[in-house]
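Chain and residue survey
If you want the building blocks of each chain, they are given just below.
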Amino acid sequence: MGPITNEVSYKSLNEQYPKLELKKEPVFIVFDENRLVLKTYDYEEMMDFLQNQDE
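A brief look at the structure comes next. Quick caveat: nothing in here was measured; it's all calculated off a predicted structure. (Residues numbered from 1 in each chain as written. Predicted model: local features only at pLDDT ≥ 70, side-chain atom pairs only at ≥ 80, totals over all residues. Heavy atoms only, no water.)

**Things to note about the pairing of strand 1 (residues 28-31)**
Alternating positions in strand 1 separate cleanly, Phe 28 and Val 30 being buried on one face and Ile 29 and Phe 31 remaining unburied on the opposite face. The pairing of strand 1 with strand 2 (residues 36-40) spans four bridges and is antiparallel. Residue pairing across strands places Phe 31 opposite Leu 36, the latter belonging to strand 2. What sits between strand 1 and strand 2 in their antiparallel hairpin is a turn of four residues. (Buried < 20%, exposed > 50% of the residue type's maximum accessible area, 1.4 Å probe, protein only. Helix = DSSP H or I, 4+ residues; strand = E, 2+ residues; numbered from the N terminus. Pairing = 2+ DSSP bridges.)

Here it is, written out as C-alpha cells:
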C-alpha cells in the first residue's frame, strides 16, 4: 500500500488534481500505480473497496 495523504480541504486537492472536480468533503480518492481507481464521498464505500481488493 502506498502513502496516505490527508489534505485540509477538498479545495487544496482541486488545485493539485483539477480533473477530479471535487465538490465537497469529506472526499476519499484512491489511486493505483497508474490511475484513479475510486472517488467517493462515502467512507463505507471506500472501506468496502479497500477491503475487497484481494478478491
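**So, the environment of Asn 6**
The topology assignment puts Asn 6 in the segment before helix 1 (10-16). Accessibility expressed as a relative area gives 72% for Asn 6, which makes it exposed. Along the chain, Asn 6 and Phe 28 lie 22 residues apart, while their C-alpha atoms are 9.5 Å from each other.

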